[in-house]
Amino acid sequence: MKEKRNIVWLKRDLRLMDHQPLLQATNEECDYLIIYIFEPCMIIYPDCSTRHLQFVHHSLKDLNEKLAELNRQVHVFHSDAYAVFDWITNQFDIQKVFSYQESGIELTWERDKEIYSLLKEKGILWKEFQRDGVIRGIKDRINWDQQWYAFVNEPILSIPFKKSDKFEVVDHPFPVSKELMEILEYYPDSLQPPGEKMAWKYLKSFCEDRGKNYNRHISKPLESRSSCGRISPYLAWGNLSIRQCVQFVINHPNYAHHKRAFDGLLTRLKWHCHFIQKFEVECSYETHCVNKGYESLEYTNDPKLIVAWKEGRTGFPLVDACMRCLQETGWINFRMRAMLVSVFCHHFDIDWREGVYHLARLFLDYEPGIHYPQFQMQAGTTGVNKIRMYNPVKQSKDHDPKGVFIKKWVKELEKVPEEFIHEPWNLTEIEKTMLGIEINYPHPMIDLEEAGKRARTKIWGHRKDPEVKKESSRIVRTHTRNNSKRSNAQK
Ligand SMILES: Cc1cc2nc3c(=O)[nH]c(=O)nc-3n(C[C@H](O)[C@H](O)[C@H](O)COP(=O)(O)OP(=O)(O)OC[C@H]3O[C@@H](n4cnc5c(N)ncnc54)[C@H](O)[C@@H]3O)c2cc1C
């Protein structure tokens, strides 16, 4: 007779605390298996990168260290989810499957529908829980804010784990392939370290010390690296829940001392969910303009500019520094992300779809629900947000005045004097000779001023398009919160 089991299916929720599916499974009479699936169709999808997979793998290892004390482990599979569920439901008498709802791209949504049908056919209940206050199936945002505050203020779930009798799945037909395992086992030192333990380390150090300069440094490419929360990969892969973060920050003894700074972070935790909520409602934002009226906009899409941007060789020092830093470390701050997109879509006149996966792969904190709506906001294709064009020279002068960040990442400019670091093309040959320097760095690939002017006329002009206006009303109805007052997560 097959053994009765439930399943907890981990996805972007790689933690053991404040975890509703684990709590539910623990409270059931029937014992459970915890599974994670590396799906080939997801691995080859253009938004996925080695760093994401490595982060997941090492987070799972971290979980397994703790689960070993309970005679448990996350069983890791490498195959399509359908094949895994088909096999596992034949192997065991599976009663129920517990997981979080995934507000992912269309591919994961379609995969989930297939799994749902398979489980239904086999008479197995799949109970999915709301993740971080994001609600499935809503048509507007009426009362969304109130429900979100209620959700994040509910008590943190602690799981009364019980020791299991044995490790359940000793051998299975879908082990992680040798090739994939070799890639997964490595973890670059230059990336933020994965796992629940590290997540707490970052959150605690923000509250204890780093966060006091949060507002002052948030836009600075260098200083923000230590003053920002730096919790984004942990939230994206679920090493932390939003509720854990909100409650930890509010209840921290330093909250009263650094209220403005901490409130700044709390506000952004709500944005995190606000953006994912948009994507939950319309995951077509991965491939289609938020405002369909922008589909008719035409771009030059110069392949030379696309390649230069991706490789950090545009000739604009801050743009190139950001891209190279991202390649190496997986993180840059919000403003620099916005600037990269702005230069790409506006000054370089390239369709946002040509760059969106490139940044998704580089961001260690890639979260579809934030990434696509944010990318489009900066690309100016939502029709409802103020269009900001970031001039990379001005950003450089304002936020990296001495060029310290630039020189760290664009070694070719190391010897350029401070007064020329933002516009090294202004150095004449005579000045270079007098300074005794040679600069092996590209000349800017476009005329910034001219390109800015053209882009403003193009994108602002298009706002008057009747289709854009019609779509804007629809977007406001669907995605705007009824509570327009600025608020923070304490309410
Ligand atoms: C083009 C573009 C793409 C982006 N893609 C992602 C992405 O894939 N994943 C991601 O987590 N963030 C993304 N962001 C938002 C933001 O840049 C990052 O969340 C932030 O830089 C993460 O660093 P932190 O944890 O130190 O943030 P903090 O400033 O310390 O904020 C704390 C948390 O609040 C959330 N948050 C902060 N800013 C925003 C924001 N503007 N919108 C929504 N949530 C926010 C994040 O979860 C973040 O971890 C994107 C921004 C832009 C402009």
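Right above here is the structure, for reference.
An account of the accompanying structure is given in this report. Please read these numbers as outputs of a predicted model, since none were measured by experiment.

1. Examining the side chain of Q247
By secondary structure assignment, the location of Q247 is in helix α12 (residues 242-250). At a separation of 2.7 Å, a polar atom in the side chain of Q247 contacts the main-chain carbonyl oxygen of V152. Setting aside chain neighbours within four positions, we find Q247 in contact with V152, N153, E154 and I156.

2. Observations regarding the site of the ligand
The full set close to the ligand counts 28 residues, and Y214, G229, R230, H272 and D365 are the nearest of them. A distance of 3.1 Å separates an oxygen atom of the ligand from a polar backbone atom of I231. In the complex, the protein chains occlude 98% of the 820 Å² of accessible area that the ligand would expose alone. Those elements that place two or more of their residues in the shell around the ligand are α11 (232-236), α13 (259-281), α16 (334-347) and α18 (368-379). A per-element tally of the shell around the ligand places α13 first, with six residues. Partitioning the shell around the ligand into residue classes produces 17 nonpolar, six polar and five charged. In this structure, the shell around the ligand is formed jointly by two domains, domain 2 (133-154 + 196-276) and domain 3 (292-479), each of which donates at least three residues.

3. Concerning helix α1 (residues 20-27)
Within α1, burial applies to P21, L22, L23, A25 and T26. Tucked into the core, α1 has its buried residues touching β1 (4-9), β2 (32-38), β4 (93-100) and β5 (125-129).

4. Here we look at the side chain of T108
You can see T108 is positioned in helix α5 (residues 106-121). By relative accessible area, which is 5% here, T108 ends up buried. Residues in contact with T108, not counting those within four places in the same chain, are M42 and E102.

5. Quick notes on the sheet that holds β1
With respect to topology, five strands assemble into an open sheet ordered β3-β2-β1-β4-β5, the strand pairing being parallel. The open sheet is flanked by β3 (74-78) and β5, the only strands paired with a single partner. Across this sheet, the average inter-strand angle for adjacent strands is 25 degrees, counted without regard to direction. Of the pairings in the sheet, the one linking β4 to β5 comprises five bridges and is parallel in character. Bridge assignment links S99 to a residue of β5, and that residue is E128. Strand contacts of helix α3 (residues 50-68): β2 and β3, with the helix running at about 160 degrees to β2, the strand carrying the most contacts. Taken strand by strand, α5 contacts β1, β4 and β5, and its axis lies near 145 degrees from that of β5.

6. Topic: the layout of surface pockets
Quantified by volume, the second largest pocket comes out at close to 250 Å³. What lines the second largest pocket is simply F316, H347, M389, N391, W425, P444, I446, D447, L448, E449, G452 and R456. No other element matches helix α22 (residues 448-462), which puts four residues into the lining of the second largest pocket. Residue composition of the lining of the second largest pocket, by class: six nonpolar, three polar and three charged.

7. Here's the deal with the packing of aromatic side chains
Enumeration according to the criterion identifies 19 aromatic pairs in this entry. On the basis of an interplanar angle of 85 degrees and a centroid distance of 6.4 Å, the ring pair of W87 and F174 is categorised as edge-to-face. Of the two residues, W87 is situated in helix α4 (residues 81-91) and F174 in the loop between α6 (144-153) and α7 (178-185); the sequence distance between them amounts to 87 residues. As far as burial versus exposure is concerned, W87 and F174 are alike and both buried.

8. Details of the state of the cysteines
Taken as a whole and assessed by the stated rule, the structure comprises zero disulfides. For the unlinked cysteine C48, the closest cysteine sulfur is that of C41, found at 10 Å. Of all cysteine sulfurs in the structure, the one in C245 sits closest to C273, which takes part in no disulfide; the separation is 9.7 Å. Look at C273 and you get buried, because its relative accessible area is 0%.

9. A short note on the pairing of β2
Most of β2 sits inside the fold, with seven of its seven residues counted as buried. Of the two faces of β2, the one holding Y32, I34, Y36 and F38 and the one holding L33, I35 and I37 are both buried throughout. Here β2 pairs with β3 via five bridges, running parallel. Looking across to β3, one finds that I35 is bridged to H75.

Rules used in this analysis
- Residues numbered from 1 in each chain as written.
- Predicted model: local features only at pLDDT ≥ 70, side-chain atom pairs only at ≥ 80, totals over all residues.
- Heavy atoms only, no water.
- Helix = DSSP H or I, 4+ residues; strand = E, 2+ residues; numbered from the N terminus.
- Polar contact = N/O pair within 3.5 Å; in protein donor to acceptor, adjacent residues only side chain to side chain.
- Contact = heavy atoms within 4.5 Å.
- Near = heavy atom within 4 Å.
- Areas by Shrake-Rupley, 256 points an atom, 1.4 Å probe, with all protein chains shown as cover.
- Nonpolar A, V, L, I, M, F, W, Y, C, P; charged D, E, K, R; others polar.
- Domains from an automatic or database assignment.
- Buried < 20%, exposed > 50% of the residue type's maximum accessible area, 1.4 Å probe, protein only.
- Pairing = 2+ DSSP bridges.
- Axes fitted to C-alpha atoms, helices over the stretch in contact; angles between N-to-C directions.
- 1 Å grid on protein atoms, 1.4 Å probe; cavity = no way out; pocket = protein on both sides within 12 Å on 5 of 7 lines; lining within 4 Å.
- Points joined across faces, edges and corners; volume = space filled by probe spheres on them.
- Phe/Tyr/Trp six-rings, centres within 6.5 Å; stacked < 30°, edge-to-face > 60°.
- Disulfide = S-S within 2.5 Å.

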